[in-house]
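Fold and geometry: a report
The primary structure of each chain is shown beneath.
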Amino acid sequence: MRNLYFLISLAAVFALLTLPPAVRAAEKVYKNRLGMEFVRIEPGLFMMGSLPDAPLRGESKKPHEAAVSEPFFMQTTEVTIGQWQAVMGKKWLFPRKGPKNLPVTGVSWHDAKDS
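The following refers to the structure shown. These numbers come from a predicted model, not from an experiment. (Residues numbered from 1 in each chain as written. Predicted model: local features only at pLDDT ≥ 70, side-chain atom pairs only at ≥ 80, totals over all residues. Heavy atoms only, no water.)

Once that is clear, we can look at the environment of Glu37. Among the structural elements, Glu37 can be located in strand β2 (residues 37-41). A sequence separation of 37 residues divides Glu37 from Met74, and the C-alpha atoms of the two residues are 8.4 Å apart. Among all residues touching Glu37, those that are not within four sequence positions of it are Val29, Tyr30, Lys31, Met74, Gln75 and Thr76. (Helix = DSSP H or I, 4+ residues; strand = E, 2+ residues; numbered from the N terminus. Contact = heavy atoms within 4.5 Å.)

If you want it as C-alpha cells, here you go:
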C-alpha cells in the first residue's frame, strides 16, 4: 500500500511539472511531449485501507472513507527511469543497467520533491 501512495504522489508531482494549467482545467486525458499519458481523477469519496487479514496492518490502515476534494491528473503507468531523467533533468540516483523503460524504484516523496 505504501508503494501505491508513493506512485500516486510521484504521479502528482510529474503532472504538476508537465501539464499546462489550461489542460489541467479542461481535459480528461492528456499526453505530454514525452508521451506520458495522464487521466483526470475527479473529486469524490472512496474506501481506503487494508483488508482485515493483511499482514502488519495497524489501526491507521483500517478501511475508512476518504475524500478527494480537488481533481488531479495521474499517470496511467509507472514513472520510468527515462521519464524521470527527462522531467527531472538529472540521472537516476544510482547507476542502473537495462532499458530506460524500467519503472523508477526506491525514491522517496522528498527525493521527488527536492529534485
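So, about the environment of Leu34. For Leu34, the location among the structural elements is in the loop between β1 (29-31) and β2. The class of Leu34 is partly exposed, set by a relative accessible area of 32%. Counting along the chain gives 49 residues from Leu34 to Gln83, while the straight-line C-alpha distance between them is 7.4 Å. (Buried < 20%, exposed > 50% of the residue type's maximum accessible area, 1.4 Å probe, protein only.)

A side chain with one charge can pair with a side chain of the opposite charge if their charged atoms come near. Counting across every chain of the model gives two salt bridges. As a salt-bridge pair, Lys28 and Glu42 come within 2.9 Å of each other at their nearest N and O atoms. Note that Lys28 is positioned in the loop between α2 (21-26) and β1 and Glu42 in the loop between β2 and β3 (44-48), a separation of 14 residues in sequence. The partly exposed category is assigned to Glu42, whose relative accessible area is 35%. (Salt bridge = Lys/Arg side-chain N within 4 Å of Asp/Glu carboxyl O.)

Ordered in space as β1-β2-β5, the three strands form an open sheet in which the pairing is antiparallel. What marks the edges here is a single partner per strand, and that holds for β1 and β5 (72-75). Each strand axis lies, on average, 30° off the axis of its neighbour in the sheet, ignoring direction. In this sheet, β5 lies alongside β2 in antiparallel orientation, the contact comprising four bridges. (Pairing = 2+ DSSP bridges. Axes fitted to C-alpha atoms, helices over the stretch in contact; angles between N-to-C directions.)

The next subject is the side chain of Ser50. If you trace the backbone, Ser50 turns up in the loop between β3 and β4 (64-68). Leave out the neighbours within four places in its chain, and Ser50 touches Arg57, Lys61 and Pro63.

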